[in-house]
Amino acid sequence: MNQRSKNLVLLALSNGSEKSIEVQNPANSTRLPCSEPKSILCRNTDSEVQVSPSILDDPTTPQPHPTISEQDDYYLEKQGNSPSFLFAANEMNEEKGDDVQTADFSGTDSGDEYRPGPRSRSSSTSSSSSSSSSSSSSSSSDTSVENNISYNENLIHEQPAQSITKPRGRKRTRNPKTWKKNVAKQLKNSGQAYISVKSKKLNQGKTMGPTCTSKCRLSCAAKFTEQKRIEIFESYWKLESIERKRDYLNACTRTLKCAYRRIKTDKKYDRKENTAYYLLNENKDIRVCKTFLINTLGITQRIIRTVIDGKAQNDGFIPPDQRGKHGKQCKLQPEVIQAVKDHIESIPKVESHYLRASTSRQYIDGGLTVAELHRNYCKIQKQHNKPIVNYDAYSRIFNQDFNIGFFKPKKDRCDECEAYENASEEEKNKLRDSFKLHQEEKGLSRHEKDRDMKRCHEPENNTVVFTYDLQAVLPCPVGKSSSFYYKSRLNCYNLTISNANKQETTCYFWHEGLANRGAIEIGSCVFKYLEQIAFEKPGCDVVIYSDNCCGQQKNRFVFAMYYYAVNRLNINSIQHNFLIRGHTQNEGDAAHSVIEKSVSRAKNAGCIYVPDQYISLIRGAKKTGKPFVVNEMNFNDFFDLKSLEENMNFNMAKNVNDCVIKTGDIKGIKFTKNSENYQYRTTYKTINWEEAKAIVQPKKLRGNRGNRRIEEIDLKAAYNNKIPISERKKRDLLQLLEDNLVPRYYASFYNNLI
């Protein structure tokens, strides 16, 4: 047995296992007999670790694969044959190297090998470079199980410590200890040399001074050796904290009661009491003179005076350090502060893309910074001969009085996971059950999505799987001049649909002068895509995945469109599964990342003046594989789904068991051809779906609401002409034309906006 095999055996024994251990090595093989027949198999390779089931069942035995912690991404629970346990077992099998068919969902510009979900261990290394760009918008927590397994294997294989890297957090960690001013302050309080942050000068460290002269009546030098003085000096400056130093000096000073004192009748101030000074030597308080104390500690008389005065004013207690906290700083005038706020409020802002309903945070174009805002503010104030605040004051107002970010997030973090992560231990105990359920639902939804993605590639399979997502708003025009950031601009919308069967992405593009971005627009684009699927693959079953935005796709209008499509188009069934809120990353995010990179390169090269330029950038964003297919939507291409729902009187009130249907709780909904009922579920843990009648006769007809037959209903156009934009936005766009920031060549486009 070589040294490495011995180390593996010692590692297994150190874990507390008394079961037999078999170590397989490419060079030799050694079996260690033990009392029990069952064994742990540890192969000395970089790809496999096998564990016997008995160890997994024994709660006292250390697990080779770490169970999920409170902050990990997957929640794996051993519950017999429950869906959660089956999911966990399947995920671990995939991690052991099961071959999975890869697919390109047009989310990368580096080839046709993109596949969503957990990567197989056999292909993780070979495809790491190609998946890095395509999975830039996927959450790092998606691979926490894989990282944990790899971490244990590295421990077993005795990999170097530097190969285990800590996953990067969402934001940089606030570490005040590394700030320049705090580093300089710490060095100063420690008596070491430091460079001043303001003057940039080098200040020498503290040194111990000479003893008092031989004429000292206390003979201080004879009572302390030089070595003892050095020890006192070093101990004093090791305290670092100025409060602790003052407490030490307070213990060294005592009020001296004189036997008699001469009193003046015309005194202006009361004479202060005398002070005696003491240092500890061999556990005895030895009185020393003031000069000896100051020189031994390497301090000045001012520090001694501060301690004595503070002691006299606070009944013997030393007050805390009030430098910078006295409240007497110069304050800005209210009109000056209001000018700063007015400047910040004048910048057009964009709301969060995914969590508009649950967050008030707004965003400014990512090309700006606080420093750039302050420079623009200074220019405006100088033009009007008004007072200007410095950068620190501007930044403080921006951060304290406003909830504004600079980057529109590609995906917002899950608020439930974030709340659990920041909760105290007592609060975590209360939230633990709901958090575990949330993690389990997330894992099961992703597992079902990955299963459908694989199943659609099987031979003779009649299923079409696709995901869709609306990209974050693309503003237009975009230029390098700072004036663009202070003008309201035209919002452009791009809905991406990623087809797992064809391994391609189709985009539907329009701007706010043509249509909005609600359920009508999203449902119309999806219906057009369903028409294309029915033509290319008639009689198929469609499975759709998306996020949980109720205003766009999780509502009665889109559901009515599905019921209409499955009965009017050559499609057998339509099933829409909604990913768990906060964990809705899908192939659309990867496609959006590629598009945003292309747009970013275009911004560096020049300007984007009209929406048509975005269309060209999207078409050419993907450099390899199938390019993005872009459909330019006009105002008359959108269908009035609200009128469709009214004509059908689609039921979203109660199911067949007379139970109330809560739209927000729906995790999946399914429509089947020639069926009067539709099915829905509120959890991924069950295989039984609830049923509800699709069309219900109203008790009293109101307006156009009724129960017309599907064959009699035709989709009507939602818009008869272009929709108007706000007056402020049109005024700002025309102002950019007048200032020649947008070339006059594009004037006809902006003048035609209603």
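The following refers to the structure shown.

### Structural notes on the overall build of the protein chain
And then number 1: If you tally the helices and strands in the protein chain, you get 23 helices and 22 strands.
And then number 2: The 754 residues of the protein chain split such that 44% are buried.
And then number 3: The contacts of the protein chain with a sequence gap of at least 6 include a subset with a gap of at least 24, amounting to 67%.
And then number 4: When the accessible area of the protein chain is evaluated, it comes to approximately 41500 Å², of which 49% is carbon and sulfur surface.

### A word on the sheet that holds strand 7 (residues 253-256)
In sheet architecture, strand pairing relies on hydrogen bonds along the backbone and comes in two forms, parallel and antiparallel.
And then number 1: Ordered in space as 7-8-9, the three strands form an open sheet in which the pairing is antiparallel. Of all the strands in the sheet, just strand 7 and strand 9 (284-288) have a single pairing partner and so form its edges. Between one strand axis and the next, the sheet turns through 40 degrees on average, direction left out of account.
And then number 2: Across five bridges, the pairing between strand 8 (residues 274-281) and strand 9 is antiparallel. Bridging from a neighbouring strand, N281 pairs with K284 of strand 9.

### Describing the environment of T178
And then number 1: By the element assignment, T178 lies in the loop between helix 5 (144-156) and helix 6 (180-189).
And then number 2: In this structure T178 comes out as exposed when scored by relative accessible area, which is 53%.
And then number 3: There is a polar contact of 2.8 Å between the side chain of T178 and the backbone oxygen of N175.

### Digging into the layout of surface pockets
And then number 1: Within this model, the second largest pocket holds a volume of roughly 1200 Å³.
And then number 2: Sorting the residues of the lining of the second largest pocket by element identifies helix 6, helix 8 (226-238), helix 9 (242-252) and helix 11 (301-313) as the ones contributing at least two each.
And then number 3: Here the lining of the second largest pocket gets seven residues from one element, more than from any other, and that element is helix 11.
And then number 4: Residue composition of the lining of the second largest pocket, by class: 13 nonpolar, 15 polar and 12 charged.

### So, the nonpolar core
One broad rule of soluble globular proteins: the nonpolar side chains tend to lie buried together.
And then number 1: The biggest cluster of nonpolar side chains holds 58 residues, and the ones touching the most others in it are F466, W510, L530, Y562, F650 and Y678.
And then number 2: Apart from residues lying up to four places away in sequence, L530 is in contact with F466, V542, M561, Y562, A565, L569, I571 and I574.
And then number 3: Formed by 31 residues, the second largest nonpolar core is a distinct cluster that contains V478, L490, A621 and Y750.

### Considering the packing of helix 17 (residues 519-536) against helix 18 (residues 556-568)
And then number 1: Packing of helix 17 against helix 18 leaves a shortest axis separation of 9 Å and a crossing angle of 20 degrees. If you check the angle between helix 17 and helix 18, you find them roughly parallel. As helix 17 runs across helix 18, the sense of the crossing is right-handed. Where helix 17 abuts helix 18, its residues A519, G523, V526, F527 and L530 lie against F557, V558, M561, Y562, Y564 and A565.
And then number 2: Among the residues making up the contact of helix 17 with helix 18, the classes are represented as 10 nonpolar, one polar and no charged.

### A closer look at the pattern of salt bridges
And then number 1: According to the stated counting rule, one finds 22 salt bridges in the structure shown.
And then number 2: Two residues, D285 and R254, come together in a salt bridge whose shortest N-O distance is 2.5 Å. With D285 in strand 9 and R254 in strand 7, this pair connects stretches of sequence that are 31 residues apart.
And then number 3: Owing to a relative accessible area of 43%, D285 belongs among the partly exposed residues under this scheme.
And then number 4: The class for R254 is partly exposed, based on a relative accessible area of 36%.
And then number 5: A salt bridge links K729 to E512, with the nearest nitrogen and oxygen atoms 2.7 Å apart.

### Thoughts on unusual backbone geometry
And then number 1: Note the cis peptide between C476 and P477, where omega equals 0 degrees.
And then number 2: Along the polypeptide, P477 turns up in the loop between strand 14 (474-476) and strand 15 (490-499).
And then number 3: Positioned with a positive phi, N385 is a non-glycine residue whose angle comes to about 55 degrees.
And then number 4: Summarising the element assignment, N385 is placed in the loop between helix 13 (370-383) and helix 14 (391-401).
And then number 5: Phi at Q503 takes a positive value of approximately 55 degrees, unusual for a residue other than glycine.
And then number 6: Along the polypeptide, Q503 turns up in the loop between strand 15 and strand 16 (504-511).

### Quick notes on the packing of aromatic side chains
And then number 1: With the rule as written, the count across this model stands at 22 aromatic pairs.
And then number 2: Taking the centre distance of 6.0 Å and the plane angle of 45 degrees together, the rings of F527 and Y564 count as tilted. Residue F527 is found in helix 17, and its partner Y564 is found in helix 18; the two are separated by 37 residues along the sequence.
And then number 3: Judged by its relative accessible area of 4%, Y564 is buried.
And then number 4: Connected via pairs of aromatic rings, a cluster forms that spans Y562, Y563, F650, F671, Y678 and Y680.
And then number 5: The ring of F578 carries K554 above its face, with NZ or CZ at 5.1 Å from the centroid.
And then number 6: Against the face of F557 rests K642, its NZ or CZ located 5.7 Å from the ring centre.

### Some details on helix 18
And then number 1: Under the 1.5 Å per step criterion, the end-to-end length of helix 18 is 18 Å for 13 residues, consistent within 8% with the ideal 18 Å.
And then number 2: If you check which residues of helix 18 are buried, you get V558, F559, A560, M561, Y562, Y563, Y564, A565 and V566.
And then number 3: Turning to helix 18, the residues buried within the fold contact strand 13 (463-470), helix 17, strand 17 (540-546), strand 18 (571-578), helix 21 (641-648) and strand 20 (668-672).
And then number 4: Residue N555 occupies the N-cap position of helix 18, its side-chain oxygen lying 3.2 Å from the main-chain nitrogen of F557.

### Details of the pairing of strand 18
And then number 1: Among the eight residues that make up strand 18, seven are buried, leaving the element largely enclosed by the rest of the structure.
And then number 2: Pairing of strand 17 with strand 18 involves seven bridges; the strand directions are parallel. Opposite V542, over in strand 18, you have I574 as the bridge partner.
And then number 3: Chirality of the crossover, the property in question, places the unit of strand 17, helix 18 and strand 18 among those that are right-handed.
And then number 4: Sheet analysis places strand 18 next to strand 20, joined by five bridges and oriented antiparallel. In the sheet register, S573 faces strand 20, and the bridge partner there is T672.

Parameters and conventions
Residues numbered from 1 in each chain as written. Predicted model: local features only at pLDDT ≥ 70, side-chain atom pairs only at ≥ 80, totals over all residues. Heavy atoms only, no water. Helix = DSSP H or I, 4+ residues; strand = E, 2+ residues; numbered from the N terminus. Buried < 20%, exposed > 50% of the residue type's maximum accessible area, 1.4 Å probe, protein only. Contact = heavy atoms within 4.5 Å. Areas by Shrake-Rupley, 256 points an atom, 1.4 Å probe, with all protein chains shown as cover. Pairing = 2+ DSSP bridges. Axes fitted to C-alpha atoms, helices over the stretch in contact; angles between N-to-C directions. Polar contact = N/O pair within 3.5 Å; in protein donor to acceptor, adjacent residues only side chain to side chain. 1 Å grid on protein atoms, 1.4 Å probe; cavity = no way out; pocket = protein on both sides within 12 Å on 5 of 7 lines; lining within 4 Å. Points joined across faces, edges and corners; volume = space filled by probe spheres on them. Nonpolar A, V, L, I, M, F, W, Y, C, P; charged D, E, K, R; others polar. Core = buried A, V, L, I, M, F, W, Y, C linked by side-chain atoms within 4.5 Å. Parallel < 35°, antiparallel > 145°, perpendicular 65-115°, else oblique. Left-handed = near helix turned anticlockwise from the far one by under 90°. Salt bridge = Lys/Arg side-chain N within 4 Å of Asp/Glu carboxyl O. Phe/Tyr/Trp six-rings, centres within 6.5 Å; stacked < 30°, edge-to-face > 60°. Lys NZ or Arg CZ within 6 Å of the ring centre and 35° of its normal. Expected span 1.5 Å × (residues − 1). Right-handed = clockwise from strand over helix to strand, strands pointing away.

So, to be careful, I would describe these as geometric facts and stop short of saying anything about function.
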